Amino acid sequence: MAARSLDYLAEWLHLALEDEDGVDHWQAHFDEVRVGWQLDQARGLLREAKRAALSRRGLAILRHSEGMLYAQLGDWDQAVHCLMRGVDLLEDSQYVEEGILILNDVGMVLRLQGEHRGAEAAHRQALSLAEEMGQSYLAAEALEHLGLDLEHRDQVDDAIQCFRRALAQRQALDDQEENLASTLNHLGEALWRQGDLAGAQDALQRASQILEAARDSGAYLAAQIRGNLGNVCYAQGDLAQAERHWQAALAAFNALGAVYDQVGLLNNLGGLALRRDEYAAALGRFRQSLALARDLGDQRGIVEALTNLGMTLTHTHDWADAVDCYCQVLAIDIGRRYRTMIWGRLARLYALIALDWLRRAIVGEVTS
């Protein structure tokens, strides 16, 4: 397979020297390999492409592709660097559509880094350019990304409106099944966050049905939908079904090598174990989540895992370790509301420690 890919690559790069379509063929194949998590092959395609004498547009596409590979590997800084080089190469050029595509991905990577304002600015710029160009497909892409930005900033109502607009545009365009399913998946997740469980379940089931009907459904998107269906089932009180969805999603992400997506699912499964008073299992899941989040530099995942560990260790009366977890959270740049919640938990924890010390003093377990 690798040898055949390099044969294709040689032909495409030869075409790219004379015809811009050649680099488009290369990018399509590179994306197929990258999304399929054939990362060694993707690196090989990049190495070979860098030896070709490409146009500015071709170089921009190359940097775009390289940036997305770095993003998939969790190297956010290098990803943004490559993507911005792609944007710079297209500045003041006629290739506005390529610039919009790269801007959408710049915003996506910034969002993953926690740079939500920068992400929103990139996606609003992409949306404005797409609407100005009359590019409904690119506008739908930007709207979907913008919805995710707003959702991460807890502006869920505005996010839902973005997803609904994106969905309407995709339906009007008779867009590909996987794109429709992706938008429905994001809409379903936002409706779940809003508390509209019936609406969320309907959107997610429609997304799942679309993928099942498609001949070549995306395994990654299918896993995302399973994870979100688990969230809905959990909120509805169906813990057994929630666990089945989450376990299936976790197994799929693990098989794909999609580490980032495993962080939240491990926290979810840990929370389920905690709800059942299965403390050892909960601690194991939360520690797995924390280790992955730290490897990725995922601050949001780190905060969630540490908070859950602190809560579980409080239940097991491991006071000192619980205090340490909460103090680690406070050392991270978190919002005022979350910080207040953590201080409240620490106050209750110190009260429990004091009461435990007093109880032991009364029964003679503590000496002066």
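One can find the structure itself at the top, above this paragraph.
Residues numbered from 1 in each chain as written. Predicted model: local features only at pLDDT ≥ 70, side-chain atom pairs only at ≥ 80, totals over all residues. Heavy atoms only, no water.

If you had to explain the overall build of the chain to someone new, which residues and values would you point to?
Per the secondary structure count, the chain includes 18 helices and zero strands. With respect to the principal axes defined by its C-alpha atoms, the chain has extents near 90 × 40 × 40 Å. When each of the 368 residues of the chain is scored for burial, the buried share is 47%. Restricting to contacts in the chain with at least 6 residues of sequence separation, those with at least 24 account for 54%. When the accessible surface of the chain is split by element, carbon and sulfur atoms take 49% of a total near 18500 Å². Each charge sign in the chain was given a centre, from 35 positive and 54 negative side chains, and these centres are 7 Å apart. (Helix = DSSP H or I, 4+ residues; strand = E, 2+ residues; numbered from the N terminus. Buried < 20%, exposed > 50% of the residue type's maximum accessible area, 1.4 Å probe, protein only. Contact = heavy atoms within 4.5 Å. Areas by Shrake-Rupley, 256 points an atom, 1.4 Å probe, with all protein chains shown as cover. Lys, Arg positive; Asp, Glu negative; His and termini not counted. Charge placed at Lys NZ, Arg CZ, Asp CG, Glu CD.)

Describe the packing of aromatic side chains, listing the residues and the values that go with them.
Pairs of aromatic rings are described using the distance from one ring centre to the other and the angle between the two planes. Under the defined criterion, the tally for this structure stands at two aromatic pairs. Of note, Arg 275 hangs over the ring of Tyr 234, and the distance from its end group to the ring centre comes to 5.1 Å. (Phe/Tyr/Trp six-rings, centres within 6.5 Å; stacked < 30°, edge-to-face > 60°. Lys NZ or Arg CZ within 6 Å of the ring centre and 35° of its normal.)

Tell me about the layout of surface pockets, and name the residues and values.
Roughly 160 Å³ of volume is contained in the second largest pocket. Taken together, the elements giving at least two residues each to the lining of the second largest pocket come down to helix 5 (76-90), helix 6 (96-113) and helix 7 (116-133). It is helix 6 that provides the largest number of residues to the lining of the second largest pocket, a total of four residues. (1 Å grid on protein atoms, 1.4 Å probe; cavity = no way out; pocket = protein on both sides within 12 Å on 5 of 7 lines; lining within 4 Å. Points joined across faces, edges and corners; volume = space filled by probe spheres on them.)

So what's going on with the nonpolar core? Which residues, and what values?
Counting residues in each nonpolar core, the largest one holds 34 residues, and the members touching the most others are Leu 127, Ile 160, Phe 163, Leu 187 and Ile 225. Mapped onto this core, the elements with two or more residues apiece are helix 6, helix 7, helix 8 (136-152), helix 9 (156-173), helix 10 (177-194), helix 11 (197-213) and helix 12 (219-235). Residue contacts for Leu 127: discarding those within four places in its chain leaves Ala 139, Ala 142, Leu 143 and Leu 146. By size, the runner-up hydrophobic cluster in this structure holds 27 residues, among which are Leu 274, Leu 309, Leu 330 and Leu 346. (Core = buried A, V, L, I, M, F, W, Y, C linked by side-chain atoms within 4.5 Å.)

Outline the side chain of Glu 151, listing residues and values.
Looking at the secondary structure, you find Glu 151 in helix 8. Residue classification places Glu 151 among the buried positions, given a relative accessible area of 4%. Those residues in contact with Glu 151, other than ones at most four positions away along the chain, are Ala 159, Phe 163, His 186, Glu 189, Ala 190 and Arg 193.

Summarise the side chain of Thr 314; cite the residues concerned and give the values.
Structurally, Thr 314 can be placed in helix 16 (residues 299-315). You can call Thr 314 buried: its relative accessible area is 18%.

If you had to explain helix 8 to someone new, which residues and values would you point to?
Compared with the 24 Å implied by 1.5 Å per residue over 17 residues, the 24 Å span of helix 8 between its first and last C-alpha is a close match. For helix 8, the tally of buried residues reaches 14 of 17 residues, placing the bulk of the element in the interior. A positive phi of about 65 degrees marks Asp 154, the residue just after helix 8. (Expected span 1.5 Å × (residues − 1).)

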